[in-house]
Amino acid sequence: QVQLVESGGGLVQAGGSLGLSCAASGTIFSINVMNWYRQAPGKQRELVAGITSGGSTNYADSVKGRFTISRDNAKKTVYLQMNSLKPEDTGVYYCNAVINSNGGRSFNNYWGQGTQVTVSS
């Protein structure tokens, strides 16, 4: 069984920084893309940043220049460094990964449990 376990998050003042990490465990043959999503109260979950196994990245326009996604393939871990945080960055941040867990050709989508990030003004 594959699990994604997030750590980090918390409360920070506007302009501050926080780091998130997400480690994948279980029977894993390969990990394709790893993403960070967030969901603010009353809003839909949105993609914040993503990174492929080769290191190509993409970001939501709202976080470009402030957030950095990275991954350690050996540790099966993805990170999100968040700088210059704004109150509108507040929400529950979810780790997502597309993983092959059976050695075949299929990949499945997995989610972490979410971690709260609160940015005070």
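Residues numbered from 1 in each chain as written. Predicted model: local features only at pLDDT ≥ 70, side-chain atom pairs only at ≥ 80, totals over all residues. Heavy atoms only, no water.

Visitor: Outline the layout of surface pockets, listing residues and values.
Guide: Considering only enclosed or pocket space, the largest pocket measures out at about 180 Å³ in volume. Lining the largest pocket are R38, Q39, A40, K43, Q44, E46, S62, R66, K86, E88, D89 and T90. Considering only residue class, the lining of the largest pocket consists of one nonpolar, four polar and seven charged. (1 Å grid on protein atoms, 1.4 Å probe; cavity = no way out; pocket = protein on both sides within 12 Å on 5 of 7 lines; lining within 4 Å. Points joined across faces, edges and corners; volume = space filled by probe spheres on them. Nonpolar A, V, L, I, M, F, W, Y, C, P; charged D, E, K, R; others polar.)

Visitor: Can you tell me about the pattern of salt bridges, naming the residues and giving the values?
Guide: What the rule picks out here adds up to four salt bridges. When the shortest N-O distance is used, the salt bridge between D89 and R38 registers 2.9 Å. Of this pair, D89 sits in the loop between strand 8 (77-82) and strand 9 (91-100) while R38 sits in strand 4 (residues 30-39), and the two are 51 residues apart along the sequence. Take D89 and R38: they sit in the same class, and that class is buried. The salt bridge partner of K64 is D61, with a shortest N-O separation of 3.1 Å. (Salt bridge = Lys/Arg side-chain N within 4 Å of Asp/Glu carboxyl O. Helix = DSSP H or I, 4+ residues; strand = E, 2+ residues; numbered from the N terminus. Buried < 20%, exposed > 50% of the residue type's maximum accessible area, 1.4 Å probe, protein only.)

Visitor: Got a sec to walk through the pairing of strand 9? Specific residues and values, please.
Guide: Strand 9 sits mainly inside the fold: nine of its 10 residues count as buried. Here strand 4 runs beside strand 9; their pairing, made up of eight bridges, is antiparallel. Of the residues in strand 9, the one forming a bridge with R38 is Y93. Here three bridges tie strand 9 to strand 11 (residues 115-120), and the two strands are oriented antiparallel to one another. Considered in strand 11, the bridge of G91 is made with V117. As paired elements, strand 9 and strand 10 (residues 108-111) share four bridges and run antiparallel to each other. Within strand 10, the position partnered with A97 by the bridge is Y110. (Pairing = 2+ DSSP bridges.)

Visitor: Outline unusual backbone geometry, listing residues and values.
Guide: Glycine aside, the phi torsion of most residues is negative, and most peptide linkages are trans. For K76, which is not a glycine, the phi torsion comes out positive at approximately 55°. If you trace the backbone, K76 turns up in the loop between strand 7 (67-72) and strand 8. Taking the relative accessible area as the measure of exposure, K76 reaches 29% and is therefore partly exposed. With a phi close to 50°, S84 is a non-glycine residue in the positive phi region. Locating S84 in the fold gives a position in the loop between strand 8 and strand 9.

Visitor: Describe the sheet that holds strand 8, listing the residues and the values that go with them.
Guide: Spatially, 1-3-8-7 is the arrangement adopted by the four strands of the open sheet, whose pairing is antiparallel. The open sheet has two edge strands with one neighbour each: strand 1 (3-8) and strand 7. Within the sheet, the average angular offset between the axes of one strand and its neighbour, ignoring direction, is 15°. Pairing of strand 7 with strand 8, which is carried by six bridges, proceeds in the antiparallel orientation. Bridged to R71 within strand 8 is V78. (Axes fitted to C-alpha atoms, helices over the stretch in contact; angles between N-to-C directions.)

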